[in-house]
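Each chain is listed here by its residues.
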Amino acid sequence: MNTTSAILLIGVGTSGCEITRGVSRAFGENLRYILADTDARTGQAGGPFVLLGGNRLSGNGAGGDIVQARMATEESVGILDAHLEGVRLAVIATCLGGGTGGGATLEIVKRLQTRGIPSIVFATTPFVHEGETVQRAARGIMSMIEQEANSIFFLPLDKLVLPDDNMKVGMNNVVSTMASAITLFWRLVEKPGFIRLDIERLRHIVTGAGRGRFAVVTTRGEDRAQEAIDRLKRSELLSTASGAVRTIVCGVLAGDDLKLSELGIISEGVQTAFSRNAAFHLSTVNDEETFHDKLSVVTLMFESNENETKSKGEGGLTRNVKKVRNPLTIGPMNRGRFNNVESTIWHGQNLDEPTFIRENISLEF
């Protein structure tokens, strides 16, 4: 494993760690990563491992309790500092819905902030069939993480698998799809082609980028560039959005046979299909061994930051719409005579906070 890379991958929770191992297998020894979980058994499968909340949970896991996982991580998150030397960008792989993934991710992102390290979070959200209780818990923690992470990708598990997949095939597809997107950052920096994005430019792009979506397509043949565009247009992962696209990062991974004309088709096709007004960043990865005779396009799209949106009032006048940030501290906040009373947490939400804050309702000024 490379311990000097400026990019660090952090797998959080049992499922997040499994995804991270899949990313490591896909990329190879040059991937710098750590695995973090409240369950000591996760570390037995191999890889650099950090036990979260050992004093509170004794390595037995959070038992699906987001609050326990979050409090345990808050107490022990400083253990990550030993792994952050020289890190300029952190990528987090996690699964939300309950337990360590939902509870620990937020505290890890906040710790990275204190170290001045931008974070990109790739978080899966539960299957619909897991039930409303799990879905509600995921929505609550999603809102909190979104307020803290520099950029975040929420990936519904239902869109990452096919209905007829068995569990093993389905989860392999989840890992494969996420690995294709996550490894892009390492490939851009360590295996650049003719158009390069270095680590400092990547930091600049993702800092404050907000919520994103991504898709990965791989094609072969004479018309592979146009086929890639056609498949991106049909991608379910790019089909839903909550805001206008403001930034696009397009990585083209290919071997020595990549043509300038293909880059032109991809660049023009992506901008025409998704946004002409977005800041567009095109980069290439040259990897003859992995991509001989094939072409992969990884497209990352970031939506307009909800904290900075504007709307038109009466008479067509533009007015600012300010998004209220959600207080994120566990336990007592400044609440007068109730300051030393533990907050009421239910399904990942602090019920002592006003509804307009918990539900992220915009206030107009």
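Structure shown above.
Worth saying up front: this structure is predicted, and the values here are computed from it rather than measured.

A separate point is unusual backbone geometry. Most peptide bonds take the trans form, and the phi angle of most residues other than glycine is negative. Although it is not a glycine, Ser 58 adopts a positive phi angle of roughly 55°. Looking at the element boundaries, Ser 58 is found in the loop between helix H2 (54–57) and helix H3 (66–76). Ser 58 gets classed as exposed once you look at its relative accessible area, which sits at 54%. Of note in this structure, Asp 293 is not a glycine but carries a positive phi near 70°. Counting through the fold element by element, Asp 293 comes out in the loop between helix H11 (288–291) and strand S10 (295–303).

Tallied over the entire structure, the rule returns five aromatic pairs. Ring plane angle 80° and centroid distance 5.9 Å describe the contact between Phe 153 and Phe 214, whose orientation is recorded as edge-to-face. You can see Phe 153 sitting in strand S6 (residues 151–156) and its partner Phe 214 sitting in strand S7 (residues 210–219), a full 61 residues away along the chain. Residue Phe 153 shares its accessibility class with Phe 214, and that shared class is buried. Clustering of aromatic rings is evident, with ring pairs tying together Phe 122, Phe 153, Phe 185, Phe 214 and Phe 302. Seen from the ring of Phe 27, Lys 191 lies directly overhead, with NZ or CZ sitting 5.8 Å from the centre.

To continue, consider the pattern of salt bridges. According to the stated counting rule, one finds 18 salt bridges in the structure shown. As a salt-bridge pair, Arg 25 and Glu 18 come within 3.8 Å of each other at their nearest N and O atoms. A residue is classified by how much of its surface remains accessible, and Arg 25, at 59% relative accessible area, is exposed. A relative accessible area of 39% places Glu 18 in the partly exposed class. The salt bridge involving Arg 187 is made with Asp 287; its shortest N-O contact spans 3.6 Å. Highlighted residues: Arg 187 in helix H7 (residues 167–190) and Asp 287 in the loop between strand S9 (279–286) and H11, separated in sequence by 100 residues. Assigned by exposure class, Arg 187 and Asp 287 land together as buried.

Turning next to the side chain of Thr 183. Tracing the chain through its elements places Thr 183 in helix H7. For Thr 183, a relative accessible area of 3% corresponds to the buried category.

Turning our eyes to something else, we now look at the sheet that holds strand S8 (residues 245–254). The mixed open sheet is built from ten strands, whose spatial order is S3-S2-S1-S4-S5-S6-S7-S10-S8-S9. Since the sheet does not close on itself, it has two edges, and those belong to strand S3 (49–51) and S9, each with one partner. On average, each strand axis in the sheet is inclined to that of its neighbour by 20°, with strand direction left out of account. The sheet contact formed by strand S2 (residues 33–37) and S3 spans three bridges and is parallel. Looking at the pairing, Ala 36 lines up with Val 50 of S3. Here helix H4 (residues 99–114) sits on the sheet in contact with strand S1 (7–12), S2, strand S4 (89–95) and strand S5 (119–125), set at roughly 170° to S4. Along the sheet, helix H5 (residues 132–148) makes contact with S5, S6 and S7, crossing S6 at roughly 155°.

Counting through the fold element by element, Thr 38 comes out in the loop between S2 and S3. A polar side-chain atom of Thr 38 sits 2.6 Å from a polar atom in the side chain of Thr 100. Once residues within four sequence positions are removed from consideration, Thr 38 is found in contact with Leu 51, Leu 52, Leu 57, Gly 59, Asn 60, Gly 61, Ala 62 and Thr 100.

So, about the packing of H4 against H5. Between H4 and H5, the shortest axis-to-axis distance is 10 Å and the interhelical angle comes to 10°. Here H4 is positioned roughly parallel relative to H5, judged by the angle of their axes. Two secondary-structure elements touch here, H4 through Gly 102, Thr 105, Leu 106, Val 109, Lys 110 and Gln 113 and H5 through Ile 141, Met 144, Ile 145 and Glu 148. Residues belonging to the contact of H4 with H5 are distributed by class as follows: five nonpolar, three polar and two charged.

The rules we used
Residues numbered from 1 in each chain as written. Predicted model: local features only at pLDDT ≥ 70, side-chain atom pairs only at ≥ 80, totals over all residues. Heavy atoms only, no water. Helix = DSSP H or I, 4+ residues; strand = E, 2+ residues; numbered from the N terminus. Buried < 20%, exposed > 50% of the residue type's maximum accessible area, 1.4 Å probe, protein only. Phe/Tyr/Trp six-rings, centres within 6.5 Å; stacked < 30°, edge-to-face > 60°. Lys NZ or Arg CZ within 6 Å of the ring centre and 35° of its normal. Salt bridge = Lys/Arg side-chain N within 4 Å of Asp/Glu carboxyl O. Pairing = 2+ DSSP bridges. Axes fitted to C-alpha atoms, helices over the stretch in contact; angles between N-to-C directions. Contact = heavy atoms within 4.5 Å. Polar contact = N/O pair within 3.5 Å; in protein donor to acceptor, adjacent residues only side chain to side chain. Parallel < 35°, antiparallel > 145°, perpendicular 65-115°, else oblique. Nonpolar A, V, L, I, M, F, W, Y, C, P; charged D, E, K, R; others polar.

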